Amino acid sequence: MDGEFLGNHPCEDCGSNDNLSVYRKLNDDGEEYLDGFCWSCNEYKSPRKLNEWGFEAGSIKYSGGAEVSVDSIKDILEYDVRGVKERRIKKDVAELYGMRVGYDQETGEIAEHYYPVTKDGEVTGFFKRTLPKEFSAVGDVKKPQLQGQHLFDKGGLLENKINRKFIILTEGFLDALAAYQMMQERNPNYVTPVVSLPNGINAKSVKDNYHFLNSFEKVIVCVDNDEVGRKGAKEICKSLPMGKTKIMSFNEKDPCEMLKRGKQEEFYKAFWNSEEYSPAGIVSGEGLWGVVSSDDNALSVPYPWEGLTKITHGIRMGEMVTLTAGSGVAKSTFARKIAHHLLRVSDANIGMMFLEESVKKTGLSLMSMEANKLLHIPDTPRTEEELRQAFDNTLGTGRVFLFDHFGSADIDTIIENITYFVRAANCKYIFLDHISIMVSAGGHGDERKALDEICTKLRTLVQELDISLFIVSHLKRPSGDTGHEQGLETSLSQLRGSAGIAQLSDMVIGFERNGQHEDPVVRNTTTVRVLKNRFSGETSV
């Protein structure tokens, strides 16, 4: 998405009117070329395809497109505020949302709309609409807030006048104004927040502003009543937690048409009658041949160790794996080793929640796996080049996301952040170290019941999000003189606090090492024991 944004245009692949974003770029030889991304298809469009569709890299004006604006943000902020007469949008609503207009110098008629783009509540640019429907950009419009978000976010103009029960999410800027006006006219004593997707109907803007939308109890998705809108609405709903979204439906094309035709009451009823989104979950058995006949080996990833892969048949989505050992046997190290291995053998993103250490310690420990030396130890000899290479190959890939917990580790916070890792950061593998710390963070009196509740919520989340979750669990202190620190064999019955961990985990892997043995080979050799294997039933060292 780098380069000079030239506007949104029709896409010939999917038929959308204005979801194709076109950018002008320069290659290494300084030659201009065009690149594009359609927010409806959710696909990049090659320069060759854009040329076939009539876009020309050597010109700032394209067939069906608009010239790049030369206005400055400072100038636009001084432009007039007007309502949109043909859509019955009032001036005070346009002013609230920061819309400006420009005039045709010959006729004096309104010829341009300017829709503000904000980041952290500040206007950084505008989408310029040359009437009737040609778009270009002014200023910084990359990764913006949702349009209108600055009104309802922390410190926003209307933040103190709303509760966080409902928010309406529309497909276009004028649709947001129309929806806000209709809700206010129907119930002037209650402010219903309304925001718009800045780049047409797409899930990326939802992911970029995930925390804002998730702060509301319900997100009411209100998009165009056409095939593209219905498809896009489902993708948006999938990007937010289950049960968070509802979808509005009405007879007209969009909120602007509803307002234009005086259907405020019908829109208000459609808001309250919006239907809870839920993915289709019932299928006919006769249609499952392709599923049951597929090779599951293609869906698994091997562990870093051949023996463990042979018994477990690899790492799969939809499974919760518990790693357990006594204190000091390096449970966290094994978890990081698996995470580092997944970075190498898969292209998936990874979320890491190590609750007993800082993100710096977690990051340096992961880099240590790459460098094959303990980078988090201050006196470890290393060069700047080694450190940089280890960073670039791990944290610097953009595929690793860490949870900076600041001491907050209760189960609801953990669930929220795992959901964010998956929905917004596209993580498929999550590491949680360790589960027992959530009991003390939540202030539970009964550790067994608390761990049962936590495990149930985590297992449900794994299934809902279709992820692979690794959790680290402590073991009970055994009776007798010999403990796990002396290499005592692990078992399911020794999992600390709750039988729920063993029952709900798909895989339980124990690590055993006698860290006190006089023989350095024994002292540094770990036995890996598969204690439970729901996938195949195989268990052994």
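Cut-off values and rules
Residues numbered from 1 in each chain as written. Predicted model: local features only at pLDDT ≥ 70, side-chain atom pairs only at ≥ 80, totals over all residues. Heavy atoms only, no water. Helix = DSSP H or I, 4+ residues; strand = E, 2+ residues; numbered from the N terminus. Areas by Shrake-Rupley, 256 points an atom, 1.4 Å probe, with all protein chains shown as cover. Axes fitted to C-alpha atoms, helices over the stretch in contact; angles between N-to-C directions. Parallel < 35°, antiparallel > 145°, perpendicular 65-115°, else oblique. Contact = heavy atoms within 4.5 Å. Nonpolar A, V, L, I, M, F, W, Y, C, P; charged D, E, K, R; others polar. Pairing = 2+ DSSP bridges. Buried < 20%, exposed > 50% of the residue type's maximum accessible area, 1.4 Å probe, protein only. Salt bridge = Lys/Arg side-chain N within 4 Å of Asp/Glu carboxyl O. Core = buried A, V, L, I, M, F, W, Y, C linked by side-chain atoms within 4.5 Å. Polar contact = N/O pair within 3.5 Å; in protein donor to acceptor, adjacent residues only side chain to side chain. Phe/Tyr/Trp six-rings, centres within 6.5 Å; stacked < 30°, edge-to-face > 60°.

**Q** When you look at the overall build of the protein in this model, what are you seeing that I'm missing?
**A** The helix and strand inventory of the protein stands at 20 helices and 20 strands. Within the structure as shown, the protein displays about 26,100 Å² of accessible surface, and the carbon and sulfur contribution to it stands at 47%.

**Q** Honestly, the packing of helix H14 (residues 359–371) against helix H15 (residues 384–392) in this entry has me stumped. Any pointers?
**A** The axes of two packed helices give the description: the angle between them and the distance between them. With their axes 8 Å apart at the nearest point, H14 and H15 run at an angle of 105 degrees to one another. With respect to H15, the element H14 is oriented roughly perpendicular. Touching Met 367, Glu 370 and Ala 371 of H14 are Leu 387, Ala 390 and Phe 391, all from H15. Class assignment for the residues of the contact of H14 with H15 results in 5 nonpolar, no polar and 1 charged.

**Q** Can you help me understand the sheet that holds strand S9 (residues 166–170) in this one?
**A** Either a parallel or an antiparallel arrangement is found when strands of a sheet pair, and the pairing is made through backbone hydrogen bonds. If you walk across this open sheet you meet the 5 strands as S10-S9-S11-S12-S13, and the pairing is mixed. A strand with exactly one partner marks an edge of an open sheet, and here the two such strands are strand S10 (194–196) and strand S13 (275–276). Across 3 bridges, the pairing between S9 and S10 is parallel. The partner of Thr 170 across the bridge, within S10, is Ser 196. Against the sheet, helix H5 (residues 173–186) makes contact with S9 and S10, and its axis sits at roughly 170 degrees relative to S10, the strand it touches most.

**Q** It is not clear to me how the sheet that holds strand S14 (residues 319–325) should be interpreted in this structure. Could you clarify?
**A** Here we have 7 strands laid out as an open sheet, ordered S16-S15-S17-S18-S14-S19-S20, and mixed in their pairing. The outermost strands of the open sheet, each flanked by one partner alone, are strand S16 (400–402) and strand S20 (527–533). Neighbour to neighbour, the strand axes of the sheet diverge by 20 degrees on average, direction disregarded. Across the face of the sheet, H14 comes into contact with strand S15 (349–354) and S16 while running at roughly 150 degrees to S16.

**Q** What should I look at first to understand unusual backbone geometry in this one?
**A** With the exception of glycine, most residues fall at negative phi, and the peptide bonds are largely trans. With an omega of 10 degrees, the peptide bond between Leu 131 and Pro 132 qualifies as cis. Along the chain, the position of Pro 132 falls in the loop between strand S7 (122–130) and strand S8 (134–139). With a phi angle near 60 degrees, Asn 372 is a residue other than glycine that sits in the positive phi range. Within the element layout of this structure, Asn 372 appears in the loop between H14 and H15. Taking relative accessible area as the criterion, Asn 372 reaches 71% and is therefore assigned exposed. Even without being glycine, Asp 466 reaches a positive phi, approximately 55 degrees. Mapped onto the secondary structure, Asp 466 falls in the loop between helix H18 (447–465) and strand S18 (468–474).

**Q** Before we go on, may I ask you to explain the environment of Ala 424 in this structure?
**A** Structurally, Ala 424 can be placed in the loop between helix H16 (411–423) and strand S17 (427–433). Taking the relative accessible area as the measure of exposure, Ala 424 reaches 16% and is therefore buried. Ala 424 sits 215 residues away from Asn 209 along the chain, and the two C-alpha atoms are 8.6 Å apart. Leaving out residues up to four positions away in the same chain, Ala 424 has contacts with Lys 207, Tyr 210 and Thr 419.

**Q** Looking at this structure, how should I read the pattern of salt bridges?
**A** Pairing of side chains with opposite charge becomes possible as their charged atoms draw close. Enumeration according to the criterion identifies 27 salt bridges in this entry. With a closest N to O distance of 3.2 Å, Arg 261 and Glu 252 form a salt bridge. When its relative accessible area of 51% is taken as the criterion, Arg 261 is described as exposed. The structure contains a network of salt bridges with shared partners spanning Glu 252, Glu 257, Arg 261 and Lys 263.

**Q** It is not clear to me how the packing of H5 against helix H10 (residues 264–272) should be interpreted in this structure. Could you clarify?
**A** Remark: H5 packs on H10, axes separated minimally by 9 Å, with the N-to-C direction vectors making an angle of 95 degrees. One way to sum up the angle between H5 and H10 is to call them roughly perpendicular. Residues Ala 179, Met 182, Met 183, Glu 185 and Arg 186 of H5 lie in contact with H10, whose contacting residues are Gln 264, Glu 265, Phe 267, Tyr 268 and Phe 271. Class assignment for the residues of the contact of H5 with H10 results in 6 nonpolar, 1 polar and 3 charged.

**Q** Even after reading the chapter, I still don't get the nonpolar core, so can you show me in this structure?
**A** Residues Tyr 97, Met 99, Phe 152, Leu 174, Leu 177 and Phe 267 are the most contacted members of the largest nonpolar core, which totals 65 residues. By residue number, the principal contributor to this core is H5, which donates 9 residues. Those residues within four positions of Phe 267 in sequence are excluded, and the remaining contacts are Ala 179, Met 182, Met 183, Cys 222, Met 248, Phe 250, Pro 255 and Met 258. Core analysis: the next-biggest nonpolar cluster, separate from the first, contains 32 residues, Met 353, Ile 430, Ile 471 and Leu 531 among them.

**Q** Which parts of the structure should I look at to understand the side chain of Ser 368?
**A** Checked against the element boundaries, Ser 368 lands in helix H14. The class of Ser 368 is buried, set by a relative accessible area of 7%. In this structure the side chain of Ser 368 is engaged in a polar contact, spanning 2.9 Å, whose partner is the backbone nitrogen of Leu 375. When residues no more than four places from it in sequence are discounted, the contact partners of Ser 368 are Lys 373, Leu 374, Leu 375 and His 376.

**Q** Is there a simple way to explain the packing of aromatic side chains in this structure?
**A** Two aromatic rings are characterised by how far apart their centres lie and by the angle between their planes. What the rule picks out here adds up to 17 aromatic pairs. Between Tyr 268 and Trp 272, the aromatic rings sit 6.3 Å apart at their centres with planes inclined by 75 degrees, giving edge-to-face as the arrangement. Here Tyr 268 pairs with Trp 272, and both are found in helix H10, just 4 residues apart, close to one helical turn. A relative accessible area of 47% means that Trp 272 is categorised as partly exposed.

**Q** What am I meant to see in the pairing of S18 here?
**A** The side chains of a regular strand alternate between the sheet's two faces. The element S18 is extensively covered by neighbouring structure, given that 7 of its 7 residues are classed as buried. In S18, alternate side chains face the same way, and those of Ser 468, Phe 470, Val 472 and His 474 on one face and Leu 469, Ile 471 and Ser 473 on the other are all buried. As defined by bridge partners, S14 adjoins S18 across 7 bridges and the pair is classed as parallel. Each bridged residue has a counterpart across the sheet, and for Met 320 the counterpart in S18 is Leu 469. Of the strand pairs in this sheet, S17 and S18 are connected by 5 bridges, and their pairing is parallel. Across the sheet, Tyr 429 pairs through a bridge with Ser 468, a residue of S18.

**Q** Hey, could you run me through the pairing of S20 in this one?
**A** Counting buried positions along S20 yields 5 of 7 residues, so the element is predominantly enclosed. Looking at chain direction, strand S19 (residues 507–512) and S20 are connected through 6 bridges and run antiparallel. Opposite Met 507, over in S20, you have Asn 533 as the bridge partner.

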